[in-house]
Amino acid sequence: MTLAASRVVARRAGAPIEWRISARAVDYPAALAAMEERVEAIRAGRAREVGWLLEHPPLYTAGTSARAEDLLAPMRFPVFSAGRGGQYTYHGPGQRIVYLMLDLQRRGQDLRGYVWRLEEWVIRALRQFGVQGERRPGRIGIWIVKPDRAEAKIAAIGVRVRRWVTFHGLAINLRPDLDHFAGIVPCGIREFGVTSFADLGLATTMAELDDVLIDTFPEVFESTRAAALASSGP
């Protein structure tokens, strides 16, 4: 299933972007091709900005900063070059992937501010489920402090921008098999682990997470105050 074959989510009139949800796992090369096609269409003015919600079959992706020694089990799952920033990441069932194709020429040509908004979006969405997500200097992604006081990553972020149109995005761990992360050093960080909604004892559904993500998107990406905060940084 590609972006074109995904389901368009009906929202209120005047929604800032189009939302699509894929009901079945999307092969990674097909997702890359779909994003490339949509980015070109947005640049040419032929298509709207879009947020694509999907899952992938189990796989590892290598960002542009990936180090060979961080791929611990190269034969466990397929490995793909992602073309995005960052290092090695796992994707698989139970993880909500969000690919955002946005036009930063009209939203502000500020890549640092864009990443800040992605972080803020996840933090606000997690808050709706009683989860306190936090930024950590020098550690990309969103982190939580578990009941045993250990820190763990619950969401990964990796982006790419082509002529100020974004693609790739983020991955939120709802209920993936956390053992699958053992084949890599996630994002090159050895000192801390990963967690998920399920690992925290939350029975949140994918549909519930999707609804919150879509509903909180305008708070961060369409808000004048959020834009000022993103421009100034944390």
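Residues numbered from 1 in each chain as written. Predicted model: local features only at pLDDT ≥ 70, side-chain atom pairs only at ≥ 80, totals over all residues. Heavy atoms only, no water.

## Overview of the nonpolar core
Logical step 1: Membership of the largest hydrophobic core comes to 37 residues, with the highest contact counts inside it found for Trp19, Leu100, Leu118, Trp121 and Phe221.
Logical step 2: Going through the elements one at a time, β2 (18-21), β7 (95-101), α3 (111-127), β9 (139-145), β10 (151-162), β11 (165-173) and α4 (206-221) are the ones with two or more residues in this core.
Logical step 3: Residue contacts for Leu118: discarding those within four places in its chain leaves Leu100, Ile157, Val159, Leu170 and Phe221. (Core = buried A, V, L, I, M, F, W, Y, C linked by side-chain atoms within 4.5 Å. Buried < 20%, exposed > 50% of the residue type's maximum accessible area, 1.4 Å probe, protein only. Helix = DSSP H or I, 4+ residues; strand = E, 2+ residues; numbered from the N terminus. Contact = heavy atoms within 4.5 Å.)

## Remarks on the packing of α3 against α4
Logical step 1: Between α3 and α4, the least distance of the axes is 9 Å, while the angle of their chain directions is 135°. Here α3 is positioned oblique relative to α4, judged by the angle of their axes. Of the two elements, α3 crosses α4, and the hand of that crossing is right-handed. Between α3 and α4, the residues in contact are Tyr114, Arg117, Leu118, Glu120, Trp121, Arg124 and Ala125 and Val212, Leu213, Thr216, Phe217, Glu219, Val220 and Phe221, respectively.
Logical step 2: Among the residues forming the contact of α3 with α4, the class breakdown is 9 nonpolar, 1 polar and 4 charged. (Axes fitted to C-alpha atoms, helices over the stretch in contact; angles between N-to-C directions. Parallel < 35°, antiparallel > 145°, perpendicular 65-115°, else oblique. Left-handed = near helix turned anticlockwise from the far one by under 90°. Nonpolar A, V, L, I, M, F, W, Y, C, P; charged D, E, K, R; others polar.)

## Digging into α4
Logical step 1: Helix length check: α4 (16 residues) gives 22 Å between terminal C-alpha atoms against 22 Å at 1.5 Å per residue, within 8%.
Logical step 2: The largest bend in α4 amounts to roughly 30° and is located at Asp215, with the proline Pro218 lying one to four residues further along.
Logical step 3: Within α4, the full set of buried residues consists of Met206, Leu209, Asp210, Val212, Leu213, Ile214, Thr216, Phe217, Pro218, Val220 and Phe221. (Expected span 1.5 Å × (residues − 1). Bend = angle between axes of the 7 residues up to and from the residue.)

## Brief notes about the sheet that holds strand β5 (residues 79-81)
Within a beta sheet, neighbouring strands are joined by backbone hydrogen bonds and run either parallel or antiparallel to one another.
Logical step 1: In spatial order, the strands read β5-β4-β6; together these 3 strands make up an open sheet with mixed pairing. Strands with a single pairing partner mark the edges of an open sheet, and in this sheet they are β5 and β6 (88-91). Averaged over all pairs of adjacent strands, the angle between their axes in this sheet comes to 30°, without regard to strand direction.
Logical step 2: By the bridge criterion, 4 bridges tie strand β4 (residues 59-62) to β6 in an arrangement that is antiparallel. Its bridge partner being in β6, Thr61 is matched across the sheet by Thr89.
Logical step 3: Most of the contacts of helix α1 (residues 28-43) go to β5, to which it runs at about 20°, and overall it touches β4, β5 and β6. (Pairing = 2+ DSSP bridges.)

## Focus: α3
Logical step 1: Between its first and last C-alpha, α3 extends 25 Å over 17 residues, near the 24 Å set by a 1.5 Å rise per residue.
Logical step 2: The buried fraction of α3 is high, at 14 of 17 residues.

## A word on the pattern of salt bridges
Logical step 1: By the definition in use, this model includes 19 salt bridges.
Logical step 2: The partner of Glu18 in a salt bridge is Arg20, and the shortest N-O contact between them spans 2.6 Å.
Logical step 3: Here Arg135 ties to Glu120 by a salt bridge, and the two come within 3.1 Å at their closest N and O atoms. On the criterion of sequence distance, the pair formed by Arg135 in strand β8 (residues 134-136) and Glu120 in helix α3 is long-range, its members being 15 residues apart. (Salt bridge = Lys/Arg side-chain N within 4 Å of Asp/Glu carboxyl O.)

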